[in-house]
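If you want the building blocks of each chain, they are given just below.
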Amino acid sequence: MATAPTGQLANPFELQADEGYFWLKGNLHSHTTNSDGRPSPQQRLDGYVAQGYDYLCLSDHYNITRVESVEAPDEFVLVQGAELHPDNPFGGQRHHFVCLNIHEDMDSTKMPPQHVIDKVNGQGGSVWLAHPHWSSINIMRDALPLHGLAGIEVHNTICRTYGRGESSVHWDDWMELENKLYPCLANDDAHALDSESKDTYQSWTMVCVKERSAAAVCEALKSGASYGSTGPRIHDIQLRRVDRPGDESQLVEATVRCSEAQRIAAVHDQVGVEYREPGKTFESATFTLRANARWARFEVVGPDGAKAWSNPFDLTGIERDA
Ligand SMILES: [Zn+2]
Ligand SMILES: [Zn+2]
């Protein structure tokens with residue numbers, strides 16, 4: 001029997017509309033003239049509102065851009081935050097932490113990373129490891145010594161312009177080394193103006209919530225009731241235990257429903273499997289995962305190569321269908 005991972009996450013696809021749950025689309029990483037972004041905070045917000053987003057964080061470097069400093073439509077959710085940059089005492093580059101739902105500024109560049117994490121968590125906020133691929137973060141060296149991080153930015157639009165947009169290898173490495181499940185964000189890290197079509201409106205995180213509030217969005221992100229995307233939608237993921245006569249191995253079957261896809265990868269703590277229908281696209285897939293895997297996360301690849309990333313699922317406690 002595989003050892004169950006810690007850090008249990010929600011399955012957002014089990015949160016039902018008839019219980020009042022709905023999905024919101026948002027970006028949790030953006031910059032304005034309060035740091036090194038081109039547009040003003042109001043222009044940045046107006047851009048995301050016009051693109052049909054439901055929530056946004058103006059996560060300027062070093063200092064909080066206050067949500068009261070901009071005017072959002074009634075239904076729009078502003079998450080207050082900042083990108084903080086503590087020193088990295090473990091040898092890697094200076095850290096980039098996307099810090100959500102924070103209220104007190106701190107001089108993060110003069111603080112060790114664990115102090116920043118503790119101070120943000122102490123305010124009721126959460127700390128996310130931003131674009132580790134772009135920052136050349138080594139998980140074993142730079143992240144394993146830290147405690148209390150909420151999760152990882154698996155995709156970052158501006159880092160993609162430098163060829164280092166996706167950090168899924170860091171995510172898998174981290175979860176495998178700690179045997180702990182972490183949720184992901186997919187963010188733009190928007191710096192440019194809309195007119196540059198560079199780093200805006202290309203990565204987003206979907207959250208499943210019961211109310212339009214910053215508290216609900218942040219809670220959903222931390223609990224894993226979310227997925228990241230650069231295009232595809234994930235409608236449902238269901239897992240069930242299956243038996244093979246005479247075989248005691250733990251075998252789990254997955255059904256994924258999504259927008260049009262060319263491939264679905266189920267990435268495990270070790271190895272993984274891929275579902276394809278050669279020469280065809282599909283919107284539903286049922287397939288068997290690798291025996292005795294501890295966890296799986298799903299990557300849905302659309303016809304144009306755009307991707308969606310589910311959060312990881314613990315496979316060790318999946319029950320047989322009654
Ligand atoms: Zn950064
Ligand atoms: Zn940034």
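Residues numbered from 1 in each chain as written. Chains lettered and ligands numbered in written order. Predicted model: local features only at pLDDT ≥ 70, side-chain atom pairs only at ≥ 80, totals over all residues. Heavy atoms only, no water.

(A) Seen up close, the coordination of the zinc ion (ligand 1). Bound to the zinc ion (ligand 1) on the protein side are Glu 83 (OE), His 96 (ND1) and His 131 (NE2), at distances that span 2.0 to 2.2 Å. Spacing between the donor residues of the zinc ion (ligand 1) along their common chain follows E-x12-H-x34-H. Between the zinc ion (ligand 1) and the zinc ion (ligand 2), the interatomic distance is 3.5 Å, and Glu 83 donates to each metal, bridging them. With a gap of 13 residues between them, Glu 83 in strand S4 (residues 81–84) and His 96 in the loop between S4 and strand S5 (97–100) connect regions that are remote in the sequence. Judged by its relative accessible area of 1%, Glu 83 is buried. (Donors = N, O, S within 2.8 Å, 3.2 Å for Na, K, Ca; no water. Helix = DSSP H or I, 4+ residues; strand = E, 2+ residues; numbered from the N terminus. Buried < 20%, exposed > 50% of the residue type's maximum accessible area, 1.4 Å probe, protein only.)

(B) Representation of the coordination of the zinc ion (ligand 2). His 29 (NE2), His 31 (NE2), Glu 83 (OE) and Asp 189 (OD) make up the full set of protein donors to the zinc ion (ligand 2), lying at 2.1 to 2.2 Å. Taken together, the four donor atoms coordinating the zinc ion (ligand 2) span angles of 79 to 165° at the metal, a pattern that classifies the geometry as irregular. (Tetrahedral: all angles 85-135°; square planar, octahedral: opposite > 155°, others 65-115°.)

(C) The arrangement of the sheet that holds strand S11 (residues 234–244) in detail. Taken in spatial order, the three strands of this open sheet run S11-S12-S15, and their pairing is antiparallel. Every interior strand has two partners, whereas the edge strands, S11 and strand S15 (282–288), have only one. Sheet twist, expressed as the average angle between the axes of neighbouring strands with direction ignored, equals 15°. (Pairing = 2+ DSSP bridges. Axes fitted to C-alpha atoms, helices over the stretch in contact; angles between N-to-C directions.)

(D) Examining the pattern of salt bridges more closely. If you walk through the whole model with that rule in mind, you get 16 salt bridges. The partner of Asp 54 in a salt bridge is Arg 212, with the nearest N and O atoms 3.4 Å apart. Taken together, the positions of Asp 54 in the loop between helix H1 (41–50) and strand S2 (55–57) and Arg 212 in the loop between strand S9 (204–209) and helix H6 (214–223) put the pair 158 residues apart, joining distant regions of the chain. A relative accessible area of 17% means that Asp 54 is categorised as buried. Of the charged contacts in the structure, one is a salt bridge between Asp 172 and Arg 297, with a shortest N-O distance of 2.7 Å. In this pair, Asp 172 sits in helix H5 (residues 168–178) while Arg 297 sits in strand S16 (residues 295–301), placing the two residues 125 residues apart along the sequence. On the accessibility criterion, Arg 297 (1% relative accessible area) is buried. Three or more residues joined by partner-sharing salt bridges are found here, namely Glu 166, Asp 172, Arg 297, Glu 299 and Lys 307. (Salt bridge = Lys/Arg side-chain N within 4 Å of Asp/Glu carboxyl O.)

(E) Geometry of the side chain of His 61. Here His 61 is to be found in the loop between S2 and strand S3 (77–79). Since its relative accessible area comes to 12%, His 61 is described here as buried. Among the polar contacts listed, one links the side chain of His 61 to the side chain of His 85, at a separation of 2.8 Å. Setting aside anything within four residues of it in sequence, one finds His 61 in contact with His 31, Ser 35, Asp 36, Glu 83, His 85 and His 191. (Polar contact = N/O pair within 3.5 Å; in protein donor to acceptor, adjacent residues only side chain to side chain. Contact = heavy atoms within 4.5 Å.)

(F) The arrangement of the pairing of strand S10 (residues 226–229) in detail. Side chains Ser 226 and Gly 228 of S10 all project onto a buried face; the interleaved residues Tyr 227 and Ser 229 project onto the opposite face, where all are buried too. Pairing between S9 and S10: four bridges, direction antiparallel. Residue pairing across strands places Thr 205 opposite Gly 228, the latter belonging to S10. By the bridge criterion, three bridges tie S10 to strand S17 (residues 307–310) in an arrangement that is antiparallel. Bridge assignment links Ser 229 to a residue of S17, and that residue is Ala 308.

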